[in-house]
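Examination of the molecular architecture
Each chain, letter by letter, is given below.
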Amino acid sequence: MTNVRTVELPEVTLAYRESGRIGGPPLVLLHALGERATDWDVVLPDLAPGHHVYALDLRGHGDSGRTAAYSLEAMREDVVAFLDALGLARVDLVGHSMGGAVAYLLAQAAPERVDRLVLEEIPALHPRPSSVPPEGADEPAHFDWAMVRAVKAQLDDPDPAWREGLTRITARTLAVAGGPASPVPQERIAELVRLVPDCGLVTIEAGHLVHSARPAEFVAAVAPFLER
């Protein structure tokens, strides 16, 4: 059974979907840019049947609040505030793409809060050509275009400290790569694996949307890692 809830945080109201085993180890799922918590439904409940799962709508997405300012750091702080609000001292954390960046920023800033970390299709970030969409795009019902522009600008010109901070992650980590069909440079994912001290790598030939394109293979790779 999945319960849809909201929590009032200092800067924003976050919506989240709660499911799984009551009293089980907590697992937090962070979606990609432009997605929402329901994006994980295709791999639940098989992903972590023993866990108590919280799938978040990050700020500017889904049913969570829109704010005047957006950044990956603000999303990281939202997740920390969420953990504090629900009394979750230490969690397993899974992030896809943008959600993976938020996850590893949290894991390097507050390593004591993360036990196991799964990073799906997120590389060690380097500057890249601009991919920021033009002003004036209409806002769909499920995300804020202002958020997209702000986050893409950061992903195109990332803070070098984010890459350097990968070496401070203490969580047991699994990187999931989508192979050559993905637009993400796979050598940058391999770089992330080298930088994070305790990090394994699995490649699933699915492109960027690994867990939605190949849910059974994603679960087969990630579930045993989360259950160890």
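First, a word on scope: everything that follows refers to the structure included in this document. Worth saying up front: this structure is predicted, and the values here are computed from it rather than measured. (Residues numbered from 1 in each chain as written. Predicted model: local features only at pLDDT ≥ 70, side-chain atom pairs only at ≥ 80, totals over all residues. Heavy atoms only, no water.)

**Looking at the pattern of salt bridges**
The following threshold applies: Salt bridges are defined as contacts in which a side-chain nitrogen from Lys or Arg sits within 4 Å of a carboxyl oxygen from Asp or Glu. The helix count covers DSSP runs of H or I at least four residues long, the strand count covers runs of E at least two residues long, and both are numbered beginning at the N terminus.
In total, this model carries 14 salt bridges according to the counting rule given. Ionic pairing is found between R36 and D63, a salt bridge with its closest N-O pair at 3.4 Å. With a gap of 27 residues between them, R36 in the loop between β3 (26-30) and β4 (52-56) and D63 in the loop between β4 and α1 (72-86) connect regions that are remote in the sequence. D84 is paired through a salt bridge with R113; the nearest N and O atoms lie 3.0 Å apart.

**Examining the environment of A171**
Test applied: The buried label applies to any residue whose accessible area, calculated with a 1.4 Å probe on protein chains only, is under 20% of its type's maximum; exposed applies above 50%, and partly exposed to all values in between.
Within the secondary structure, A171 sits in the loop between α4 (160-164) and β7 (172-177). Judged by relative accessible area, A171 falls into the buried class, the value being 2%. Expressed as a C-alpha distance, the spacing of A171 and D92, which sit 79 residues apart in the sequence, is 8.9 Å.

**Observations regarding the packing of α1 against helix α2 (residues 98-109)**
For clarity, the threshold we go by: Geometry is summarised by axes, namely lines fitted to C-alpha atoms with helices restricted to the contacting stretch, and by angles between N-to-C directions that run from 0 to 180 degrees. Note on angle classes: values under 35 degrees are labelled roughly parallel, values over 145 roughly antiparallel, values of 65 to 115 roughly perpendicular, and the remainder oblique. Each crossing gets its handedness from the near helix: less than a right angle anticlockwise from the far helix is left-handed, clockwise is right-handed. By definition, residues are in contact when any of their heavy atoms lie within 4.5 Å. In this count, Pro and Cys sit with the nonpolar residues alongside Ala, Val, Leu, Ile, Met, Phe, Trp and Tyr, while Asp, Glu, Lys and Arg are called charged and the others, Gly among them, polar.
Direction vectors running N to C along α1 and α2 enclose 65°, while the axes themselves pass 9 Å from each other. Of the possible angle classes, the one that applies to α1 and α2 is roughly perpendicular. As for the relative orientation of α1 and α2, their crossing is right-handed in sense. Contact with α1, carried on its side by L72, M75, R76, V79 and V80, involves M98, A101, V102, L105, L106 and A109 of α2 and no other residues of that element. In terms of residue class, the contact of α1 with α2 is built from ten nonpolar, no polar and one charged.

**Structural notes on the nonpolar core**
Going by this rule: Within this scheme, the nonpolar core is defined by two criteria: the residues are buried Ala, Val, Leu, Ile, Met, Phe, Trp, Tyr or Cys, and they are joined through side-chain atoms within 4.5 Å.
With 53 residues, the main nonpolar core has L30, L56, L72, F82, Y104, L117 and L192 as its most contacted residues. Non-local contacts of L72, meaning those with residues more than four positions away in its chain, are made with M98, A101, V102, L105, V151, Q154, L155 and W162. In this structure, V210, F218, V222 and L226 belong to the second largest nonpolar core, which totals 21 residues.

**Comments concerning the sheet that holds β3**
The condition that has to hold: Two strands pair if DSSP finds at least two bridges between them.
Taking strand neighbours across the sheet as the criterion, the eight strands line up as β1-β2-β4-β3-β5-β6-β7-β8 in an open arrangement whose pairing is mixed. The open sheet terminates on both sides in strands that have one partner only, identified here as β1 (3-8) and β8 (199-203). Direction aside, neighbouring strands of the sheet carry axes that sit 20° apart on average. Here six bridges tie β1 to strand β2 (residues 13-20), and the two strands are oriented antiparallel to one another. Along β2, the bridge assignment pairs T6 with A15. Along the sheet, helix α7 (residues 215-227) contacts β3, β5 (91-96), β6 (114-120), β7 and β8; its crossing angle with β6, the most-contacted strand, is approximately 165°.

**Quick notes on the pairing of β5**
Within β5, six of the six residues are buried, which leaves it mostly tucked inside the rest of the structure. Side-chain alternation along β5 places V91, L93 and G95 on one buried face and D92, V94 and H96 on a second face that is also buried. Where β3 lies against β5, four bridges are found, and the strand directions are parallel. For L27, the partnering residue across the bridge sits in β5 and is D92. Relative to β6, β5 runs parallel, the two being bridged by five bridges.

That is the geometry; function is a separate question.
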